[in-house]
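Structure at a glance
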Amino acid sequence: MDTSQLLKGVLDLAVLAVLRKEDGYGYDVLRRLRQGGLDGVGDASVYGTLRRLYNAGLLTSYVVPSEEGPHRKYYSLNEPGRERLVESGQTWKSFARALDDLLGEGA
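Read on for a plain summary of the structure. (Residues numbered from 1 in each chain as written. Predicted model: local features only at pLDDT ≥ 70, side-chain atom pairs only at ≥ 80, totals over all residues. Heavy atoms only, no water.)

A short note on the packing of aromatic side chains
Worth spelling out the cut-off: Pairing of aromatic rings covers Phe, Tyr and Trp, the last counted by its six-membered ring, and requires centre-to-centre distances within 6.5 Å; plane angles under 30 degrees mean stacked, over 60 mean edge-to-face, and any other angle means tilted. Helix and strand assignments follow DSSP, with helices taken as H or I runs no shorter than four residues and strands as E runs no shorter than two, numbered in order from the N terminus. Three exposure classes are used, based on accessible area relative to the maximum for each residue type with a 1.4 Å probe and protein chains only: buried under 20%, partly exposed in between, and exposed over 50%. Note on criteria: charge over ring means Lys NZ or Arg CZ within 6 Å of the ring centre, with the direction from the centre no more than 35 degrees off the ring normal.
Under the definition given, this model contains four aromatic pairs. Geometrically, the ring pair formed by Y54 and Y75 is edge-to-face, given 6.3 Å between the ring centres and 75 degrees between the ring planes. With Y54 in helix 3 (residues 43–55) and Y75 in strand 3 (residues 72–77), this pair connects stretches of sequence that are 21 residues apart. A relative accessible area of 34% places Y54 in the partly exposed class. Residue Y75 is classed as buried on the basis of its relative accessible area, which comes to 7%. Connected via pairs of aromatic rings, a cluster forms that spans Y25, Y62 and Y74. Over the face of the ring belonging to Y25 we find R72, whose NZ or CZ atom lies 4.4 Å from the ring centre.

Some words on the nonpolar core
Counted only if it meets this: Nine residue types can take part in a nonpolar core, namely buried Ala, Val, Leu, Ile, Met, Phe, Trp, Tyr and Cys, and a core is a set of them joined through side-chain atoms within 4.5 Å.
By size, the foremost hydrophobic cluster in this structure holds 20 residues, and its most contacted members are V15, V29, L33, L50 and L59. Only helix 1 (4–21), helix 2 (26–35), helix 3 and strand 3 provide two or more residues apiece to this core. It is helix 1 that contributes the most residues to this core, eight residues altogether.

Below you can see the structure in the form of structure tokens.
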């Protein structure tokens, strides 16, 4: 099964979930998603998702100077972002349960 379409549908939720525990900059978020099992996520997808969530008012950002190159823009979850995470998480769990039920019927 090609998981790229599934990933597109849940990337917002995954990024919000990663930032719930700790603020992060673009590459850090990408690394944490991949460590969490989302190996197929691409750099551009994560950076685009961070920008979109920020523009939607679900994230705040701040810049941290770096000794090893350009400054890093960190993103953090704000209250609207936490609310969206809870709502989207409930929707995902409901959807996953329904699909699990359907798959269980044929097994």
